[in-house]
Amino acid sequence: ADGKHSKVAQLAGAAERRQVAARTFAFYAYWDGLPVKGGEIYSDTGSAASAWPTNDGLTMTYVAGPIANFEAIRRDPTAHLIAALEKAGSLGERARGAVQVGRTRGTSDLPNLLRAGHGPGWALAGDAGLVMDPITGLGIGHALRDAELLAAAVLNGLGGTSDLASALARYEKQRNRETKPAFNWTLDVAALRGVNEVEEELFSTIGADEAETSQFFGMLTGVVPMRSFFSPAHLIRLIGAKNFLRLARARSR
């Protein structure tokens, strides 16, 4: 678990199962006096922004943009961050009334990469084996999931009901199966295409219902399975059959 530029993976020659070039850059900053009731997420064509309460009463803001714009924007990242927040509801206004704590930080080093999960004498967890654009915030949940799956596989392989190679193979297979919908969704969100009318209604419905909001953030943290949250039955219950069909047709295009 030595990060997205894993030395273990490099030395072991871990195969890359899937790789997609970075689609976004990201900048973030912390603020004192920027009020939020909970997590806030905003999406527009060519940009995305969010705000999250953190420790010590601070609020973290995150903005993303197309990777092609990074070199121009990095010259004044704070100005870009503020401009992006201005397009995100009232976040810009609240940021102007707050005090930034520390400097604006950012990166374009946001690969989308799935590596082999194991080999003779080694195994990978966390970003070492799976890293995705942070725009969906799924990385921490995946890292905790994979650590738990890998620990169970090692225990079974060293003293349980299976040999180690078979146990590790099952670990990688389960990781890949559970990751596929999240990987695809993350790539779609990172395209920064904004949301259509039906998607806007869907997320407005989620945001207006405390239980659904909890389920959505549970999905982002890995507690709620993504296949379950985005299942046809659940989406139809949220936005109706007609809008679900419209959404399905738009997604297929």
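Residues numbered from 1 in each chain as written. Predicted model: local features only at pLDDT ≥ 70, side-chain atom pairs only at ≥ 80, totals over all residues. Heavy atoms only, no water.

Draft legend 1. Expanded view of the pattern of salt bridges. In the structure shown here, the tally under the stated rule is ten salt bridges. Salt-bridge contacts for Arg193 lead to Asp188; the nearest nitrogen and oxygen are separated by 3.2 Å. The partly exposed category is assigned to Asp188, whose relative accessible area is 22%. As a salt-bridge pair, Arg193 and Glu199 come within 2.7 Å of each other at their nearest N and O atoms. (Salt bridge = Lys/Arg side-chain N within 4 Å of Asp/Glu carboxyl O. Buried < 20%, exposed > 50% of the residue type's maximum accessible area, 1.4 Å probe, protein only.)

Draft legend 2. Just the sheet that holds strand 7 (residues 112–115), in detail. Taken together, three strands build an open sheet; the order of strands is 1-7-10 and the sheet is antiparallel. This sheet does not close on itself; its edge strands, each paired only once, are strand 1 (16–20) and strand 10 (130–131). With four bridges connecting them, strand 1 and strand 7 associate as antiparallel partners. Residue pairing in the sheet places Gln19 in a bridge with Leu113 of strand 7. In this fold helix 6 (residues 164–190) packs onto strand 1, strand 7 and strand 10, with an angle of close to 170° to the strand it touches most, strand 7. (Pairing = 2+ DSSP bridges. Helix = DSSP H or I, 4+ residues; strand = E, 2+ residues; numbered from the N terminus. Contact = heavy atoms within 4.5 Å. Axes fitted to C-alpha atoms, helices over the stretch in contact; angles between N-to-C directions.)

Draft legend 3. Up close: the pairing of strand 2 (residues 24–32). Bridge analysis of strand 2 against strand 5 (residues 58–66) gives nine bridges, and the strand direction is antiparallel. Bridge pairing links Tyr28 to Tyr62 in strand 5. Relative to strand 6 (residues 99–107), strand 2 is paired through six bridges, and the arrangement is antiparallel. In the sheet register, Trp31 faces strand 6, and the bridge partner there is Gln100.

Draft legend 4. View of the side chain of Thr24. Tracing the sequence through the fold places Thr24 in strand 2. In terms of polar contacts, Thr24 uses its side chain to reach the side chain of Asp133, at 2.6 Å. (Polar contact = N/O pair within 3.5 Å; in protein donor to acceptor, adjacent residues only side chain to side chain.)

Draft legend 5. The nonpolar core, seen in detail. Of all hydrophobic cores here, the largest spans 23 residues; its most connected members are Leu138, Phe183, Trp185, Leu202, Phe216 and Met219. Broken down by secondary-structure element, the contributors of at least two residues to this core are helix 6, helix 7 (197–208), helix 8 (210–221), helix 9 (226–229) and helix 10 (232–252). Looking at this core element by element, the count peaks at five residues for helix 10. Excluding residues that lie within four positions of it along the chain, Phe216 makes contacts with Ile41, Trp185, Phe203, Ile206 and Phe229. One finds Ala29, Val63, Ala88 and Ala95 within the second-largest nonpolar core, a separate group that totals 17 residues. (Core = buried A, V, L, I, M, F, W, Y, C linked by side-chain atoms within 4.5 Å.)

Draft legend 6. Structural view of helix 6. An ideal rise of 1.5 Å per residue puts 39 Å on 27 residues; helix 6 measures up with 37 Å between its terminal C-alpha atoms. Of all the bends in helix 6, the largest measures some 40° and sits at Thr179, one to four residues before the proline Pro181. At the N-terminal end of helix 6, a side-chain oxygen is found 3.3 Å from the backbone nitrogen of Ala165, two or three residues along, and the residue is Asp163. Backbone geometry just downstream of helix 6 places Leu192 in the positive-phi region, at approximately 55°. (Expected span 1.5 Å × (residues − 1). Bend = angle between axes of the 7 residues up to and from the residue.)

Draft legend 7. Spatial organisation of a positive patch on the surface. Where like charges cluster on the molecular surface, the positive patch consists of Arg18, Arg23, Lys173, Arg177, Lys180 and Arg227. If you tally residues by element for the positive patch, the top one is helix 6, at three residues. With respect to the element layout, Lys180 can be found in helix 6. Exposure remark for Lys180: the relative accessible area of 52% places this residue in the exposed category. (Patch = residues over 30% accessible without salt bridge, like charges linked within 9 Å, V, L, I, M, F, W, Y side chains within 5 Å. Areas by Shrake-Rupley, 256 points an atom, 1.4 Å probe, with all protein chains shown as cover. Lys, Arg positive; Asp, Glu negative; His and termini not counted. Charge placed at Lys NZ, Arg CZ, Asp CG, Glu CD.)

These values are about where atoms sit, not about what they do.
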